[in-house]
Amino acid sequence: MENVNIVLAANILKYRKKSGLSQDELAQKLGVTFQAVSKWENAKAAPDITFLPIMADIFGCYIDELFSREIKTEIHYDHCAEFPWADDTVIRGVVCEGRKILQCESLVDRFTFEIIGDAKNVQSECNIEVNGNISGGCSAGKNINVSGVVSGGCNSGAETVIGGYLSGGCNSGGDITVAGSFSGGCNSGGGVTCGGNLSGDITCGGYVTVKGDVEAVKIKGSVICNSLKCDKVEGNVTINSVD
């Protein structure tokens, strides 16, 4: 028992100092006298067992650590039930600070959720980068960069770059660049560049530059394309000359 008391005494002293507490401050938190804390730290007495979980909470440690016992924790990945979404098939990338899920306006923009290969229905508060195709759509708090095809649409808080074609439309806080054809319309905070044909209503903060044809009911923004079929255009239209 004496050896246990010595170990406990040394750890109470260590964790108290690590927590930046004086003997009197710890005593006040526990509702005892500072003389009692002094006796514990000098192994002249041992705290009542009921104080151990309270001290562990104060020190931010496990009770076993007060006795220098090794902590072994097992993560049950299939038992996580505290996420704010349903148990569905969506692939989500999150950044956590402790148990707090960080949002896109914080440090999250420094992180990229990278997927090698094809994916289905991807969501993340940070940047998304996919080396493959996405079916079922994707949503990111920051940039989206996909090397292949995206079907099901996408939403990004910043720029969107798609290496193949894009179907299902796109809402983007910045520029939208699609290497292939683009269907479903778009709402862009910047410009829109499309390497193929573009169909669907368009709203953008810059130019719509399309190498192919454009077909829409309404367009808000200036357009450069090969041919245009649209009932209403709020902006300038430039038709590429054909040699």
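Caption draft 1: Focus on the overall build of the protein. A count of helical and extended segments in the protein gives 5 helices and 24 strands. A burial count over the protein gives 35% of its 243 residues as buried. Total accessible area on the protein stands at roughly 14,200 Å², and carbon and sulfur atoms take up 48% of it.

Caption draft 2: Looking closely at unusual backbone geometry. Phi at alanine 43 is positive, roughly 60°, even though this residue is not glycine. Examined against the element boundaries, alanine 43 turns out to sit in the loop between helix H3 (34-41) and helix H4 (52-59). What makes alanine 43 partly exposed here is its relative accessible area of 31%. In this structure, asparagine 121 is a non-glycine residue whose phi angle is positive, near 55°. Mapped onto the fold, asparagine 121 is located in strand E5 (residues 119-124).

Caption draft 3: Region of interest: H3. Residues of H3 that are buried: Val37, Trp40 and Glu41. When H3 is viewed along its axis, its buried side chains cluster within an angular range of 95° and face the same direction. Immediately beyond the C-terminal end of H3, within one or two residues, lies alanine 43, with a positive phi of roughly 60°.

Caption draft 4: Region of interest: the pattern of salt bridges. Inspection of the entire model under this criterion finds 3 salt bridges. Of the charged contacts in the structure, one is a salt bridge between arginine 16 and glutamate 41, with a shortest N-O distance of 2.4 Å. On the criterion of sequence distance, the pair formed by arginine 16 in helix H1 (residues 2-18) and glutamate 41 in helix H3 is long-range, its members being 25 residues apart. Overall, the relative accessible area of 7% leaves arginine 16 in the buried class. Where glutamate 234 meets lysine 232, a salt bridge forms, and the shortest distance between an N and an O atom there is 3.6 Å. The exposure class of glutamate 234 is partly exposed, given its relative accessible area of 43%.

Caption draft 5: Main features of the packing of helix H2 (residues 23-30) against H4. For the pair H2 and H4, interaxial distance at closest approach is 11 Å and the crossing angle is 125°. Between H2 and H4, the angle is such that the two are oblique. Here H2 runs over H4; the crossing is right-handed. Only Ile54, Met55, Ile58 and Phe59 of H4 make contact with H2, whose side of the interface consists of Leu26, Lys29 and Leu30.

Caption draft 6: Here's a closer look at the sheet that holds strand E11 (residues 160-162). Taken together, 9 strands build an open sheet; the order of strands is E4-E6-E8-E11-E14-E17-E20-E22-E24 and the sheet is parallel. Unpaired on one side and paired on the other, strand E4 (112-116) and strand E24 (237-239) mark the two borders of the sheet. Pairwise comparison of adjacent strand axes, ignoring direction, gives a mean angle of 5° for this sheet. The pairing of strand E8 (residues 144-146) with E11 spans 3 bridges and is classified as parallel. When the sheet's bridge partners are listed, valine 146 is paired in E11 with isoleucine 162.

Cut-offs used in this document
Counting of residues starts from 1 at the beginning of each chain's written sequence and follows it residue by residue. Note on the predicted model: pLDDT of at least 70 is required for a residue's local features to be given, and 80 or more for side-chain atom pairs to be given and counted; whole-chain, interface and lining totals, by contrast, use all residues. As a rule here, side-chain values come from all non-hydrogen atoms in the structure, and water together with hydrogens is ignored. Strands are runs of DSSP state E lasting at least two residues, helices are runs of H or I lasting at least four, and both sets are numbered from the N terminus onward. Between buried and exposed lies partly exposed: a residue is buried under 20% and exposed over 50% of the maximum accessible area for its type, with that area taken using a 1.4 Å probe on protein chains only. Computed by Shrake-Rupley with a 1.4 Å probe, the accessible areas treat only the displayed protein chains as cover when residues are assessed. Directions are taken from the helix axis to each C-beta atom, and the arc is the one they span. Salt bridge, as used here, is a side-chain nitrogen of Lys or Arg placed within 4 Å of a carboxyl oxygen of Asp or Glu. Angles shown run from 0 to 180 degrees and are taken between the N-to-C directions of axes, each axis being a line fitted to C-alpha atoms and, for helices, limited to the stretch in contact. In these notes the angle categories are as follows: under 35 degrees is roughly parallel, over 145 is roughly antiparallel, 65 to 115 is roughly perpendicular, and the rest is oblique. Crossings are classed by handedness, with left-handed meaning an anticlockwise turn of the near helix from the far one by less than a right angle and right-handed meaning a clockwise turn. Here, residues are in contact when the closest pair of their heavy atoms is within 4.5 Å. Only strands that DSSP links by at least two bridges are regarded as paired with each other.

By themselves these figures say nothing about function.
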